[in-house]
Amino acid sequence: MTASLERPRISTDTGAIPVPPGARPEAIAARLMAGQVLILKHSYGQGVRALEALRALVGSDGTSFAERAAQDRVFEDTAQRLLVGVSNHKVVLSDVPEIGFLSALYPETPSFILSLSWVQALHGAWERFEAGVHFPVLGRRLHPYYGVYAPSRMTHLELFATWLSGAEVHKGIAVDVGTGCGVLAMMLARRGFAQVVATDINPNALEGIRGDLEREPTPAPIVLKQGDLLCEQDDPVDLVVFNPPWTQGEVRSSIDQALLFEPGMFERFFEQCEACLKPDGRVAVIFSTIIRLVQPEVDHPIEAELSRGRFVLDERLQRKVKPAPGRRTRERVEVWVLRRA
């Protein structure tokens, strides 16, 4: 199973130039921008500071969503040139804590080279996996695997819980599309659905959920399926739940799949819903008004589907997002509930 999991790509660049122990972060960043491939030999902290200097050099304050996304891509591509060695599943630098994912994801390769940015991602994911993420709507922690997005805000989950508590839908089969860390699937199971099918194209998502299901005090009626969107459903479905990406963009990683949708994704989703939904079934899409605020030029995917006439709007709930301290926001999270026309 491990061989099929998503994992960072091992570097094959054996000609990387060692970074001197006293090199300034700004100098390292400039060399990376010039196209050099470098390898750290001494300090993890030196590399972290170099990437911070690279971030400042590339910039992150574009005036539009597209400009900021372009800056992020330049930073990500350039940061891949700063490498570190791994030996016996440990980073060969003096100040790096244990990263359990190095042995879990590369059991057959104890020694190899990775970019520092991948090591940072693995380290952060391992800390989150070990500690878990608390979800008040479940009253428990879930443990998302490496490469799986877990929300830091909970307002949209609270709004969905509000709708679900009073939803008039037959509690037979529900599908949680793109289940991610599995929070919606578990909410559906606790609400009394006879079977919940949790789908995700990312095998790492299902790996994390398997572990969390084993931590449940009683078995949950959750079936895991790997594949695109709804996969192929064997039986007609009473409810389809989807918490899709809320903005459009280029998908370059498994995390991007949770944050950005590409053209055509929503069309495929609604086509699959139409094919498997019972006549009295419902589709509940958790969305946000952020697309109107940052990408007004992009067609609203749910409104576009309603204009096709295959589905009609049953109800729509909204709730204001709690802004970060010291900031303001006009964003609202939404639950759109559709039924077949």
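To be clear, the structure that these remarks concern was listed above.
Here the structure is a predicted model, which is why all the values come from computation and not from measurement.

Participant: Could you clarify how one ought to interpret the overall build of the chain in this entry?
Facilitator: For the chain, the count of helices and strands is 12 helices and 16 strands. Projected onto its principal axes, the C-alpha coordinates of the chain cover approximately 65 × 45 × 35 Å. Taking all 341 residues of the chain together, the buried fraction comes to 47%. Partitioning the contacts of the chain with sequence separation of at least 6, the portion at a separation of at least 24 is 66%. Taken as a whole, the chain presents about 16,200 Å² of accessible surface, with 50% of it coming from carbon and sulfur. With 38 positive and 42 negative side-chain charges, the chain shows a spacing of 5 Å between the two charge centroids.

Participant: When you look at the nonpolar core in this model, what are you seeing that I'm missing?
Facilitator: Looking at soluble globular proteins, one finds that nonpolar side chains tend to be buried together. The biggest cluster of nonpolar side chains holds 64 residues, and the ones touching the most others in it are Phe160, Trp163, Phe269 and Val283. The dominant element in this core, judged by the number of residues it contributes, is helix H7 (residues 183-190), at 7 residues. Sequence-distant contacts of Phe160, that is, excluding residues within four places in its chain, are made with Leu184, Met187, Leu188, Val241, Ala284, Ile286 and Val335. Counting 39 residues, the second-largest nonpolar core is a separate cluster that includes Ile99, Leu114, Leu122 and Val148.

Participant: Is there a simple way to explain unusual backbone geometry in this structure?
Facilitator: Trans peptide bonds make up the majority, and among non-glycine residues the majority have a negative phi. Of note, Asn88 is a non-glycine position whose phi angle comes to about 50 degrees, a positive value. Take Asn88: it is sitting in the loop between strand E3 (82-87) and strand E4 (90-91). We note that Leu229 has phi near 55 degrees; this positive angle belongs to a residue other than glycine.

Participant: Looking at this structure, I do not really get a nonpolar patch on the surface. What am I missing?
Facilitator: On the surface, Met33, Leu57 and Val74 cluster together into a nonpolar patch covering about 250 Å² of accessible area. One can find Met33 in helix H1 (residues 25-33).

What counts, and where the lines are drawn
Residues numbered from 1 in each chain as written. Predicted model: local features only at pLDDT ≥ 70, side-chain atom pairs only at ≥ 80, totals over all residues. Heavy atoms only, no water. Helix = DSSP H or I, 4+ residues; strand = E, 2+ residues; numbered from the N terminus. Buried < 20%, exposed > 50% of the residue type's maximum accessible area, 1.4 Å probe, protein only. Contact = heavy atoms within 4.5 Å. Areas by Shrake-Rupley, 256 points an atom, 1.4 Å probe, with all protein chains shown as cover. Lys, Arg positive; Asp, Glu negative; His and termini not counted. Charge placed at Lys NZ, Arg CZ, Asp CG, Glu CD. Core = buried A, V, L, I, M, F, W, Y, C linked by side-chain atoms within 4.5 Å. Patch = residues over 30% accessible without salt bridge, like charges linked within 9 Å, V, L, I, M, F, W, Y side chains within 5 Å. Salt bridge = Lys/Arg side-chain N within 4 Å of Asp/Glu carboxyl O.

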